Amino acid sequence: MADEPVSALDVSIQAQVINLLGDLQAELGLTYVIIAHDLSVIRHVCDRVAVMYLGNLVELASRDDLYARPRHPYTVALLSAVPSPEPVHRAPDGRRQRRERIRLTGDVPSPLNPPPACRFHTRCWKAQEVCKTEQPPLVELAPGHQVACHFPENS
Ligand code: SF4
């Protein structure tokens, strides 16, 4: 278990630590559970990614599927904030789209007193009445890709 293993390090040391983790994994056949906020680091080192919001699991998928087709609005907002070398990308229907950063409004609620039902509803641009009253279950929307949202994206 590695909790923010490189967050306090400068970039060159980050690379050394990440390479060391990779070498140890290959040599010893290790499995890591890595907790991190840096989405670039997660993309580089993880095979499967679980996204959490206020202590709840909201999305679980393979790394490639999650970064290509995020389905929970919180994941979509997180990934929209990552600088991309490709400001234009292909939408699922084949159209070319400009990547837009989604700016969430409002403060993160206190984890000691989280909002009821979907905990993200106070900041979600897609929230509807049901989101305030019914907690969305974690549902498999594609093979190996689970999402807890009443109105997921890319579905
Ligand atoms: S359940 Fe509703 S509020 Fe929660 S993430 Fe989905 S759309 Fe947004």
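Just above, that's the structure.
What you see is a predicted model; the values in this text were computed from it and never measured. (Residues numbered from 1 in each chain as written. Predicted model: local features only at pLDDT ≥ 70, side-chain atom pairs only at ≥ 80, totals over all residues. Heavy atoms only, no water.)

Trainee: Tell me about the overall build of the chain, and please be specific about residues and values.
Mentor: Secondary structure assignment for the chain yields five helices and eight strands. Secondary structure elements in the chain, listed N-terminal to C-terminal, are β-α-β-α-β-β-α-α-β-β-α-β-β. For the chain, buried positions account for 30% of its 155 residues. Long-range pairs, those at least 24 residues apart, make up 43% of the contacts in the chain with a sequence separation of at least 6. (Helix = DSSP H or I, 4+ residues; strand = E, 2+ residues; numbered from the N terminus. Buried < 20%, exposed > 50% of the residue type's maximum accessible area, 1.4 Å probe, protein only. Contact = heavy atoms within 4.5 Å.)

Trainee: Explain the pairing of strand β7 (residues 139–142) to me, using residue names and the numbers behind them.
Mentor: Note that β7 and strand β8 (residues 145–147) share three bridges and pair antiparallel. Bridge assignment links E140 to a residue of β8, and that residue is Q146. Hairpin connection of β7 to β8: two residues between the antiparallel strands, including G144 at a positive phi of 75°. (Pairing = 2+ DSSP bridges.)

These figures capture arrangement, not role.
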